[in-house]
Structure formats: structure tokens, C-alpha cells
Amino acid sequence: MKKLFGFIIISLVSITTQAQKRPKLVVGIVVDQMKMEYLYRFESDFSENGFKRLMKNGYTFHNAHYNYMPTYTAPGHASIYTGTTPSMHGIVGNDWFHRTLKKDMYCTDDAAVSTLVPGTETEGKMSPRNLQSTTMTDELKLSTNFKGKVIGMSIKDRGAILPAGHFADWAFWYTKTGEFISSDYYGKKLPTWADDFNKEKNYIPYTEKGWSLLKPKEVYNESLPDDNPYEGKLYKKTPFFPYNMKEMLDNNDPGVIRVSPYGNNLLADFAKRAIEKEELGKDEITDFLALSFSSTDYIGHTFGPRSIEIQDTYLRLDETIADFLNYLDKTVGKDNYLVFLTADHAGAENSTFLKDNKYKVDNINYKNVSADLKEFSKTTFSDDLILKYDNFNVFFDLDLIKSKGLDLTKVKQSFKEYLYTKEYVKRVYTEEEILAGSPNDELLEFVSNGYDPTQNGELYFVYKPGYLEYSATGTTHGSPYTYDTHVPVIFYGWHIKKGESHEKKYITQIAPTVSQLLKITMPNSTKCEVLTELFTKKE
Ligand code: ZN
Ligand code: ZN
Ligand code: ZN
């Protein structure tokens, strides 16, 4: 009897472990422009059920970074999901200069596809075609014989399309018409539930509420006072609370919700609808929902990292995440889902704010940099040898240089010397130096990791730390410095033990780690550096 009882127990255990081989649902959360610092600075104002639930019950990597430049949105999302850097996956910027076409290419532009929603013809010509590597979502598709569902969604097109990968069931992104749209790369028509969601105009109740502070004003003492000189205007309105969103909507279009915390709420509403109607996480075959919250980036750019607007946005996102986790508990079941949370890049301090506090840095106007380079070219070579200056890259007019009988190496050298006379320049590299690399130059390594010779320029330069190519208000990102590279990496849920690490990690480790947890093939061009902390036994 005892023997038989033991046998039954063993069989039960083996059945449950069989069923638990993979989680039912993976939820990848990217928070656009989220600095690691926000988790610390706003900690005392967060609830127990949002960010803190993930940190306290999951595994937090406190010292995780980007390992390339430029630290922009499209390269960030592509790198998280492919587990490699732009030099391999080809997404070298949000856009880049196309040498043969002599025009800018947008990262997810695809002339061969069409929108599924009338009135969004331009916004809908998008697909992951320019992404050269497979993603962890692609590998999940292959591994489940295309049975596991993969859906990506974001307010931004690139935040939805790149994470969802090449084999996705759907990617959805928001447009100024107030709708979540998609392209015929994914299907012939929008799913009925998405169409219904759009018809409900769910942005209206949010805009009618307006944007005022979530908590009493005293709570915001971790930020600078409201209406400070480092904040930019929001749709012409001076930057202080409350914001009349209804008026903003009436004078503009439903795109206004992007630059308010409600862009995040709307995305979470849409995500819940997708989980319900697409039955994500319902059967035993793993599904993947890639979520990217974009409003944090729009608000960061407008008001800067020390504004109460950004603090309020994170306090509200904390509630949104708490509510979403609660929803997952109820629909998918507490131990059946795996979550990771990270950011596509962090963000800089406002340079005027630093200057006012005696650290002498500056904001640089992109147009002035471009004009200076062209001016130098005309006076030195009596011709404009520059096709384009963009994203730290200088693209030379190679045909003109050849026809003038100039030596390209000498031309590059001369521009390099000129750039080094500029106060804002830290390093200038030529294409040859970037491709050769140097183990002793960490900045060069960042540049090399972000560089593709067919998509980047012949000369590349790096600003000094603290210098921004941006307006005097708000902030931006793009540099290889810690203020842009240091982001949260938190794992939570299915088979994740509690813990934390302060060792230096790279965000390119996320995709191979998730692949290893799911026991699927790793994305095809990752270096396969797994976060081994997650695989040692639970203490
Ligand atoms: Zn971004
Ligand atoms: Zn303000
Ligand atoms: Zn941004």
C-alpha cells in the first residue's frame, strides 16, 4: 500500500513538472527611456504591487547596461529581443541615411506592405523587414511549430514591430487617428476585437479626465519644482499642472494622449483585450506578449528627468503595472507566466540644469553641426563633400571626392582634425578604425557594436559626457555614457527565484536568458551570454 501510494505521488509530481516545462505566457515589458535611478528615487512613493512586487519577488539586476551607441528606441528594442547589437541586427538607428537612394530610411518602413486601417496609409507601411537577426519571439514561433502566439504592441510602431519579430501573429501600434493599427504583413484584416477596441474610442475618457497630480504635491519632493526653466511646453501650454487634455485633443488630434501618462493606460487596456480575445496563456503552448510603454519617453523628452511630470508618470505606471499583474494572476494564473521588465535606453540630465549647477556642458544644435561641417568643407576643399550628417555619422559624397581626384584618407583625416577643434567632441573615428576595433578603447567598442559599414557613415564622432544634441529644455538619449545605458533588468514569475545582483550585465543577455528558460533555440546572432544567476537552485 505504502509502495503504491509512493508511486502515485511520483506520478503526480512528474505530471505537474511535465506541464510546467514552459510558462503559458511570457510578457516582455519595455519602458521607453526608463532610467534605473527611477526605481530608487521614487521607491518610497511606489505601491507594493507594481514595480516593488516585481523587484521583491523576482530577480533584479541592478547594474545592467547597453553596450553600443546610438542608444535610441529602435536599436534598443531590436537588441533586447535579438540579444545582439546593431552591428549584427542592422537596426543602427530609428532612421539612417541610405547611400544609394540618397535619402533617410525609417527603421520599420516597408514599401511592399499596406495598412489595414483606412486613413493611416503612411503610418501603416511598416514591417520588420530591415531587422536582420531572429528574435526570441521568432525562435519561440519556430520551436512551437508556429503554434505559440506572438503579439507585439506599443504606442510607437518600432516598439511593437521589432520585438514581435518576423513570424509574429500581430504587431499593433497607435496613430494620431486614435486607433491601434497594423499592416498586411501580419494579416488580411485587423482582428474584430482590435477593430471594436478602436471603435470604442477609449482615449476619450482619459483625455476628459485631464492630467493632474496623482498624489498630494508634497509627495513629489524627489523632483524639481513645477514650471522650472528646464521643462519644455506641452502643445504650446506652459509646463505646469493641471493639463487640460480635452482642450489639447480639441485643438489637435488623438495623438495628444502619447505625451500623457494615459498613453500607458491605453496600451494596458488594449493588452488586456488581446489576452482575453486571443486567449493568450490559455493552453499549454507558450504565447508571448511584447509590450512597450512609450509615454515615458515622450514625457521625458518634453519635461526632463527631474520634472514632477516624469515622477507622476512613473507613479501612475506603477499602478498600471500593479493592475496588469493582478489581471495576469486571474487570467493566466500566478505561477504560469514569466515577466521581464527593462528599457530601450535611459536618458540624460538636462544640460542647462547641469550648467546652472556649475558643471560646464552644453546642448548642441544638430543643424549647426551640419552647417559647420559643410562650411569647413567649402573653405578647405572648395566644395561641399558631405552628403549628410546624421546620428553622429558623416556621410561623404564619394563620387565627388573621386571626380575631384582627392585622396579619401586625407579628406577623412582633415575632417577629423577639424572636429577635434570643437569643444563638444570627445572622439572621432574613421570607418577603418571602427571595423578594426581596439580592445583598449571602450568608446570605440561601443561605436563598433553599433556600426554597420553598409548603413553608417565614413566618419563617426562621440560627444563629450553630458553634451546633448537637443533643445535647451527636456532631455534626450543616444550616447554611450551611463546616464543613457543604465536600465532596469528584472525577471519575475515562472521559475524565477527571489534575488538581486550588482554585477555588470548587458541587455543583450536578456534574449539568450529567456531562450534558455523556455528551452528554445537562441536568436541567430546573439553571443549567447546567459544571466546564469537565474539558473542556480532556489535557496
Ligand atoms: Zn526609446
Ligand atoms: Zn512642469
Ligand atoms: Zn526618446
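Going by the structure above, here's the rest.
Colleague: Any details on the coordination of the zinc ion (ligand 1)? Residues and values, ideally.
Modeller: Taken together, the protein donors to the zinc ion (ligand 1) comprise Asp-32 (OD), Thr-73 (OG1), Asp-344 (OD) and His-345 (NE2), at separations of 1.9 to 2.1 Å. In this structure, the zinc ion (ligand 1) is surrounded by 4 donor atoms whose angles at the metal cover 95 to 131 degrees, and the resulting shape is tetrahedral. The motif formed by the donor residues of the zinc ion (ligand 1), counted along the single chain, is D-x40-T-x270-D-H. In this structure, the zinc ion (ligand 1) is positioned 4.1 Å from the zinc ion (ligand 3). With Asp-32 in the loop between β1 (25-31) and α2 (36-41) and His-345 in the loop between β9 (337-342) and α14 (351-356), this residue pair connects regions lying 313 residues apart in the sequence. With a relative accessible area of 0%, Asp-32 lands in the buried category.

Colleague: Tell me about the coordination of the zinc ion (ligand 2), and name the residues and values.
Modeller: At this site the zinc ion (ligand 2) is bound by Asp-226 (OD), Glu-231 (OE), Glu-231 (OE), Pro-239 (O), Glu-309 (OE) and Glu-309 (OE), with donor distances of 1.9 to 2.8 Å. One can describe the donor arrangement at the zinc ion (ligand 2) as irregular, given that its 6 donor atoms subtend angles of 51 to 154 degrees at the metal. Counting along the primary sequence, the residues that act as donors to the zinc ion (ligand 2) give the motif D-x4-E-x7-P-x69-E. With Pro-239 in the loop between α9 (203-209) and α10 (245-251) and Glu-309 in helix α13 (residues 308-331), this pair connects stretches of sequence that are 70 residues apart. Just as Pro-239 is buried, Glu-309 falls in that class too.

Colleague: Can you lay out the pattern of salt bridges for me, pointing to particular residues and giving the numbers?
Modeller: Summed over all chains, the structure comprises 34 salt bridges. Measuring nitrogen to oxygen at the nearest pair gives 3.0 Å for the salt bridge that ties Glu-37 to Arg-41. Taken together, the residues Glu-37 and Arg-41, both in helix α2 and 4 residues apart, mark about one turn of the helix. Given the relative accessible area of 25%, Glu-37 is considered partly exposed. With a closest N to O distance of 3.0 Å, Arg-53 and Asp-329 form a salt bridge. Placement of the pair is Arg-53 in helix α3 (residues 51-57) and Asp-329 in helix α13, with a sequence separation of 276 residues. The pair Arg-53 / Asp-329 is uniform in exposure class, with both members buried. Salt bridges sharing common partners tie together Glu-37, Arg-41, Arg-306 and Glu-349.

Colleague: Explain the packing of aromatic side chains to me, and be specific about the residues and the numbers.
Modeller: Taken as a whole, this structure holds 45 aromatic pairs when the rule is applied. Judged by centre distance (5.3 Å) and plane angle (10 degrees), the rings of Tyr-38 and Phe-42 are stacked. An identical accessibility class is assigned to Tyr-38 and Phe-42; each is buried. Seen from their ring centres, Phe-376 and Tyr-418 are 4.2 Å apart, and the 10 degrees between their planes marks the pair as stacked. Remark: Tyr-418 occurs in helix α17 (residues 408-420) and Phe-376 occurs in helix α15 (residues 366-381); sequence separation between them is 42 residues.

Colleague: Could you give me a rundown of the side chain of Gln-509, with the residues and numbers involved?
Modeller: Position of Gln-509 relative to the elements: it lies in the loop between β16 (505-506) and α21 (510-518). A polar side-chain atom of Gln-509 sits 2.8 Å from the main-chain amide nitrogen of Tyr-506. Residue contacts for Gln-509: discarding those within four places in its chain leaves Glu-529, Val-530 and Leu-531.

Colleague: An account of the pairing of strand β14 (residues 486-493) is needed here, citing residue identities and associated values.
Modeller: Among the 8 residues in β14, 7 count as buried, and that is most of the element. Two strands pair when backbone bridges link them, and strand β2 (residues 59-65) and β14 are joined in this way by 5 bridges, in the antiparallel orientation. Its bridge partner being in β14, Tyr-59 is matched across the sheet by Phe-491. In this sheet, β14 lies alongside β9 in antiparallel orientation, the contact comprising 4 bridges. The residue bridging Leu-341 from the neighbouring strand is Ile-490, located in β14.

Rules used throughout
Residues numbered from 1 in each chain as written. Chains lettered and ligands numbered in written order. Predicted model: local features only at pLDDT ≥ 70, side-chain atom pairs only at ≥ 80, totals over all residues. Heavy atoms only, no water. Donors = N, O, S within 2.8 Å, 3.2 Å for Na, K, Ca; no water. Tetrahedral: all angles 85-135°; square planar, octahedral: opposite > 155°, others 65-115°. Helix = DSSP H or I, 4+ residues; strand = E, 2+ residues; numbered from the N terminus. Buried < 20%, exposed > 50% of the residue type's maximum accessible area, 1.4 Å probe, protein only. Salt bridge = Lys/Arg side-chain N within 4 Å of Asp/Glu carboxyl O. Phe/Tyr/Trp six-rings, centres within 6.5 Å; stacked < 30°, edge-to-face > 60°. Polar contact = N/O pair within 3.5 Å; in protein donor to acceptor, adjacent residues only side chain to side chain. Contact = heavy atoms within 4.5 Å. Pairing = 2+ DSSP bridges.

Note that every value here comes from positions in space, so none of it alone points to a role or purpose.
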